[in-house]
Amino acid sequence: MKPDSPAAPVLRVALLAHSAPEEPRDPLAYAVELGGALQEAGVQVHLLADRWVGDAPPSLPFHKVTAPVAEAGGVVASARAYCASLVEVLGRVSRDTSPFHVVHACSWMTAPAALSGRRHGGARAVVTFLDTVFSRYGQVNGDRATAQIRNLEQQAVREADLLIAGTDAVRQELAWLYGASSAQVRVAPCDPLPAADARPAPESLPRRAGAVIGFGGCWSKAGGSDLFLDAVRQLSAGQPGLRMVIAADPANPTRVEADVRRRGLGDLLLVPAGAGDPLAACDLVVVPARTSVGQRGIYRARAAGVLVVVTRTGPAELVRAGRDGALAFPFAASLVEQIKIMLAHPLACTPDDSFTWPKVTINLTAYYRELLAPRGEHFENVNDVARAR
């Protein structure tokens, strides 16, 4: 009788992060959500960061990293000092537990530590780009700090085993700025939804004869709130019964209501009641500007099977024009034209779970295993890898 084959080892991943709440997507918040999702998928995850986040899963192992404040040199000098401490903590955790198979840096700031783990610890290095120096600063040859950050990003592209881009636009920037090949980069949403948000909300709006238009962005002038209200005002003249739902994030109902009433549109505003995402009760969702909140608004709409109209200066790369939405130029007349087309000839848009943490986790664990496959290492497969390809 043949002895039982030994059980496959569990994949071990170290997530390296640093808090940056001023960024459009805080790398530490991303790491915490990613770590919790990977844990649920059966991956052994350790979080190494400068502070603990209150809503992090209690079961997620956390290792605090403390770095001296750089007296000179700005953000890049601080990043290098932080990475030096991060490497020490990573080595200690590896010795005290067991070596990591993958070291995953959650931003450019922690990428040097992941590359060090690759060189000295034998782990595979993965770096997530939530954005690039170009999308952060609108330039690539600016002051000295911008040039230094670009050098760190270029080093990550050159030496990492795998790059994760938060959007297809970031993937394109990596190719344009640093020559990253398509084989190096995978796209995985950097701000996915919880699994529950993928399900359409229960009916929470009274039935109306007219259409319901949703706003899925950041409620500010930069977020396109004025542009949205201008479009609704023009639409309302020829669309009897038209109503709107403002599902802005962060929510500020008092400010929203004041802005709407100042435009004379207070009678059109609907406030959904009950649980669930209010965007799921809309006929169409408008995302008029490029913000991280707007990107998430598209995820929410797609998860609920709702069409989207996005400006060409917004997160247009997330829209498959003619399949699940339309693109408009960033002025009210163009938005109105595309909204009218979508309402008159609605597309068949089915709910899509591609932008949820469970789906992202399936893809990421598949990417991790692909990296380790050349070594002949096979790990416990808790996901259906076929779904990720």
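Above this text is the structure in question.
One structure accompanies this document, and this report is about it.

Basis of the calculations
Residues numbered from 1 in each chain as written. Predicted model: local features only at pLDDT ≥ 70, side-chain atom pairs only at ≥ 80, totals over all residues. Heavy atoms only, no water. Pairing = 2+ DSSP bridges. Helix = DSSP H or I, 4+ residues; strand = E, 2+ residues; numbered from the N terminus. Axes fitted to C-alpha atoms, helices over the stretch in contact; angles between N-to-C directions. Contact = heavy atoms within 4.5 Å. Phe/Tyr/Trp six-rings, centres within 6.5 Å; stacked < 30°, edge-to-face > 60°. Buried < 20%, exposed > 50% of the residue type's maximum accessible area, 1.4 Å probe, protein only. Lys NZ or Arg CZ within 6 Å of the ring centre and 35° of its normal.

1. Quick notes on the sheet that holds strand β4 (residues 102-105)
(1) Moving on: Pairing in this open sheet of seven strands is parallel, and the strands run β3-β2-β1-β4-β5-β6-β7 from one edge to the other. With partners counted over all chains shown, the strands left at the sheet margins are β3 (62-64) and β7 (185-187), one partner each. Sheet twist, expressed as the mean angle between neighbouring strand axes with direction ignored, is 20°.
(2) Moving on: One ladder, built from four bridges, connects β4 with strand β5 (residues 124-129); its direction is parallel. Within the sheet, the bridge partner assigned to alanine 105 lies in β5 and is valine 127.
(3) Moving on: Sheet contacts for helix α5 (residues 144-159): β5 and β6 (162-165); angle to β5, the most-contacted strand, approximately 135°.

2. Focus on the packing of aromatic side chains
(1) Moving on: Applying the stated criterion to the full structure yields seven aromatic pairs.
(2) Moving on: Between tyrosine 30 and tryptophan 357, the ring centres sit 6.3 Å apart and the planes meet at 40°, which makes this aromatic pair tilted. On the criterion of sequence distance, the pair formed by tyrosine 30 in helix α1 (residues 27-40) and tryptophan 357 in helix α11 (residues 357-372) is long-range, its members being 327 residues apart. A single burial state applies to tyrosine 30 and to tryptophan 357, both of which are buried.
(3) Moving on: The rings of Phe215, Trp219 and Phe228 are connected pair by pair, giving a single aromatic cluster.
(4) Moving on: Over the ring of tyrosine 367 we find arginine 186; its NZ or CZ atom is 5.5 Å from the centre of that ring.
(5) Moving on: When the ring centre of phenylalanine 329 is taken as reference, the NZ or CZ atom of arginine 312 above it lies at 5.0 Å.

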